[in-house]
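# Notes for the structure review
The chain contents come next:
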Amino acid sequence: MKTKTIPGPKAMRVIGTMKKHAYDSTFMYSLVVSHGHNCIIEDIDGNKYLDFTSNIGACPLGYSHPDIIETLAQYASNGTYKIAGQDFYCQEHADLAENISTILPEGFKTFFINSGAEAVENAIKIAYKKMGPLPGISCTGAFHGRTLGALSFTFSRPVQKHNFPELPSKRIKFCIKDDDPEIDAAENILKENKAAFILTEVIQGEGGYNVASKKFISNLRKIATKYGVPLILDEVQSGIGHTGKWWAFEHYNIKPDIMSTAKALQVGATAFNKKFDPGQRSVLSSTWGGGNRIDMAVGSQVIDVIKRDKLLENATKMGCILKKGLLELVGKKGVTDVRGLGLMVGLEFDSALRRDKKLTELFKHGLLTLGAGQKSMRIIPPLIITKEQINEGLGIMHKVLMKT
Ligand SMILES: Cc1ncc(COP(=O)(O)O)c(C=O)c1O
């Protein structure tokens, strides 16, 4: 895949401008995106990369997908592409609300917003509205976004929280094993205290692709019902198909009371059982939420294409091939574990240093991956990925990761 020097001269210029004028955020390596096709991203200097990130799940159909291009073309001459979406109605808002209802639990309603963090903010607001300003229960290693409300329940890395004020919270361990001694921690809290909600991911994204134990999630569901506390599931990263089901919670045969999603949907969404509907108008609102007509049209198309092209099945099949190939690396050269659901796969290293070095080397060999958690690598390719592309990526990983 490597065609020229990385980073090339154009990339160096963009990065130089960024370093001078923009906040230096979470950039890992020097990719300056120009355009993409299928599962390939091309940088500004013409270097091509196989994408094992789908932009953290936000591009489930890869790039320049013909159906998406067709949808986008409809807006080329429509200057009213963005409206005050909770003051004025538009067809795209109604279409996306109707379309997403076909994949949500029966009877759920949706509120659209800009980002994943805001989807979580509104999920917790819906819970507070019903329960009052009580503490919320969330998990170790959780990531729910960086706005101050969502951040109060994020615990994946200290740098995300230091010096920021917090909403009251109680933290429980995110259990990945059924026999974890802390599996009943939420019940122990609720026996003695009131809470506004229990909030968790089912497979932790930013926290390192940690898959919750079956018992942990079914316990949370039972306890939430027993104590009358809403269970909020955050599907911002895992939702819309990456685990091989529309929602990661479907692997656990339970349903949330309130949930958040974003990324693959192109817009943020808070979905809730009608019994948690705030009732009063204006409790929730935003200028662009429900008003970004292009993103909502694309989000709806994403759902249609996943259904039509059976991409959930593809995610399950390709995820199996990917995991099998990665398992061969475990126990060698500092690779310690592989885990995940469907096409959301995490690879654990013995140190953050090795993980970061390997991420950069993979990039230089034309494969895009990202870090997650303390020392894991996340692999979340577009849902359209083929067996040949998975094998090509695995080939690069074997070569790069097995080199000392
Ligand atoms: C599970 C989860 N919740 C919330 C968020 C925040 O989403 P955003 O970055 O769109 O605000 C993320 C982003 O990575 C996420 O993975």
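Throughout what follows, the structure given in this document is the object of discussion. Sequence positions are assigned chain by chain, starting from 1 and proceeding in written order. Selection of residues for local features in this predicted model requires a pLDDT of at least 70, selection of side-chain atom pairs for listing and counting requires 80 or more, and totals for whole chains, interfaces and linings are taken over all residues. Remark: hydrogens and water are excluded; side-chain values derive from all non-hydrogen atoms of the structure.

Note on conventions: DSSP H or I runs of at least 4 residues are helices, E runs of at least 2 residues are strands, and numbering of each starts at the N terminus. What the chain contains, in helices and strands, is twelve helices and 17 strands. Relative to the compact-globule value of 22 Å for 404 residues, the chain shows a C-alpha radius of gyration of 21 Å, a close match. The principal-axis extent of the C-alpha atoms belonging to the chain is close to 60 × 55 × 45 Å. With a 1.4 Å probe rolled over the protein chains alone, any residue whose accessible area is under 20% of its type maximum counts as buried; one over 50% counts as exposed, and the rest are partly exposed. Residues counted as buried form 56% of the 404 residues belonging to the chain. For the area figures, the Shrake-Rupley method with a 1.4 Å probe applies, and any residue is considered shielded solely by the protein chains shown. A total accessible area of about 18,000 Å² is found for the chain, and carbon and sulfur atoms account for 54% of it. We take the radius of gyration over the C-alpha atoms and set the globule estimate at 2.2 Å times the residue count to the 0.38 power.

For the rest of this paragraph, the subject is the pairing of strand 10 (residues 231-234). Burial along strand 10 is two-sided: Leu-231 and Leu-233 facing one way and Ile-232 and Asp-234 facing the other are all buried. Where strand 7 (residues 197-200) meets strand 10, three bridges bridge the pair, whose relative direction is parallel. In the strand pairing of strand 10, Thr-200 is matched with Leu-233. Any two strands between which DSSP finds at least two bridges are classified as paired.

Let us look at the site of the ligand. The ligand sits among Ser-115, Gly-116, Ala-117, Phe-143, His-144, Gly-145, Glu-201, Asp-234, Val-236, Gln-237 and Lys-263. Polar contacts, as used here, are pairs of N or O atoms within 3.5 Å; protein pairs need one atom able to donate a hydrogen and one able to accept it. Residues neighboring in sequence count only if both atoms are side-chain atoms. Take Gly-116: an N or O atom from its main chain is 2.8 Å from an oxygen atom of the ligand. Between the ligand and Lys-263 there is a distance of 2.9 Å, counted from an oxygen atom to a side-chain nitrogen or oxygen. Calculation on the ligand without its partners gives an accessible area of 390 Å², and the protein chains cover 83% of this total. Residues are counted as near a molecule or strand when any one of their heavy atoms sits within 4 Å of it.

Overall, mixed pairing links the four strands, which are arranged 1-2-3-15 in an open sheet. Among the strands making up the open sheet, the edge pair consists of strand 1 (33-37) and strand 15 (367-368). Direction of pairing for strand 3 (residues 48-51) relative to strand 15: parallel, over a ladder of two bridges. For Asp-51, the partnering residue across the bridge sits in strand 15 and is Leu-368.

Right, let's talk about the packing of helix 10 (residues 311-327) against helix 12 (residues 387-401) for a bit. Viewed as axis vectors pointing N to C, helix 10 and helix 12 meet at an angle of 20 degrees, and their least axial separation amounts to 10 Å. Judged on the interaxial angle alone, helix 12 and helix 10 are roughly parallel. Crossing angle aside, the handedness with which helix 10 passes helix 12 is right-handed. The segment helix 10 lies against helix 12, with Met-318, Ile-321, Leu-322, Gly-325 and Leu-326 engaging Lys-387, Ile-390, Asn-391, Leu-394, Met-397 and His-398. Split into classes, the residues belonging to the contact of helix 10 with helix 12 amount to seven nonpolar, three polar and one charged. Helix axes use the C-alpha atoms of the stretch in contact, all axes being lines fitted to C-alpha atoms, and the angles between their N-to-C directions lie in the range 0 to 180 degrees. Angles are sorted into four bins: roughly parallel if under 35 degrees, roughly antiparallel if over 145, roughly perpendicular if 65 to 115, and oblique for all others. Crossing handedness is read from the near helix: turned anticlockwise from the far helix by less than a right angle, it gives a left-handed crossing, and turned clockwise, a right-handed one. Any two residues having at least one pair of non-hydrogen atoms within 4.5 Å are treated as being in contact. Three residue categories are used. Nonpolar comprises Ala, Val, Leu, Ile, Met, Phe, Trp, Tyr, Cys and Pro, charged comprises Asp, Glu, Lys and Arg, and polar comprises the others, including Gly.

Within the secondary structure, Ser-282 sits in the loop between strand 12 (268-273) and helix 9 (293-308). For Ser-282, a relative accessible area of 67% gives the class exposed. For the pair Ser-282 and Gln-86, spaced 196 residues apart in the sequence, the C-alpha separation amounts to 9.2 Å.

The next point concerns the packing of helix 4 (residues 91-101) against helix 9. Relative orientation of the contacting elements helix 4 and helix 9 amounts to 30 degrees, with a least axis distance of 9 Å. By the angle between their directions, the pair helix 4 and helix 9 is classed as roughly parallel. You can see that helix 4 and helix 9 cross each other, and the crossing is left-handed. In this structure, helix 4 contributes Glu-92, His-93, Asp-95, Leu-96, Asn-99 and Ile-100 to the contact, and helix 9 contributes Arg-293, Met-296, Ala-297, Gly-299, Ser-300, Ile-303, Asp-304 and Lys-307. When its residues are assigned to classes, the contact of helix 4 with helix 9 shows five nonpolar, four polar and five charged.

Treat this as a map of the structure, not an account of what it does.
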